[in-house]
Amino acid sequence: QVQLEESGGGLVQAGGSLRLSCAASERTFSNHAMAWFRQAPGKERGFVAAIDWSDSTYYDDSVKGRFTISRDRDKNTVYLQMNSVKPEDTAVYYCARHQSGSFWSKGSFSAWGQGTQVTVSS
């Protein structure tokens, strides 16, 4: 069973930047797309960004142009570069390994990390 561990969360001011990392316990990236989701208090966990096996990227409209997903296959790590953050970006951020189906659906992912908290102050 692959294990995913997020890091890099913290407190940042609005307009600032943060980079999240997701390290995998095995070389899982070559055959799987990876994604970031987020969950704010009282809200459903929602899609943020994904990167597929060919390194094509996909973003939710709310983060397009501000966030960038990437991966380092040698390090078994996926990143989420967050720029121009807003208070509404405050949430617990999770990385996940895709199994099948739509990237926008939580049910399409078979492995999840424990999450990392991002708090954006105004």
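Summarised in this report is the structure supplied together with it.

## Digging into the pairing of strand β3 (residues 18–24)
Phase 1 of the analysis: The buried fraction of β3 amounts to five of the seven residues, a majority that puts the element mostly inside the structure.
Phase 2 of the analysis: Pairing geometry for strand β1 (residues 4–7) and β3, over four bridges, is antiparallel. Of the residues in β3, the one forming a bridge with E5 is A23.
Phase 3 of the analysis: As paired elements, β3 and strand β8 (residues 77–82) share six bridges and run antiparallel to each other. Looking at the pairing, L18 lines up with M82 of β8.

## Topic: unusual backbone geometry
Phase 1 of the analysis: Despite not being glycine, D55 shows a phi value in the positive range, around 70 degrees.
Phase 2 of the analysis: The residue D55 is located in the loop between β5 (46–51) and β6 (57–59) in this model.
Phase 3 of the analysis: Residue D55 is classed as partly exposed on the basis of its relative accessible area, which comes to 38%.
Phase 4 of the analysis: One non-glycine residue with positive phi stands out, namely N76, at about 55 degrees.
Phase 5 of the analysis: Mapped onto the elements, N76 comes out in the loop between β7 (67–72) and β8.

Calculation notes
- Residues numbered from 1 in each chain as written.
- Predicted model: local features only at pLDDT ≥ 70, side-chain atom pairs only at ≥ 80, totals over all residues.
- Heavy atoms only, no water.
- Buried < 20%, exposed > 50% of the residue type's maximum accessible area, 1.4 Å probe, protein only.
- Helix = DSSP H or I, 4+ residues; strand = E, 2+ residues; numbered from the N terminus.
- Pairing = 2+ DSSP bridges.

None of the figures reported here should be taken as evidence of function without further support.
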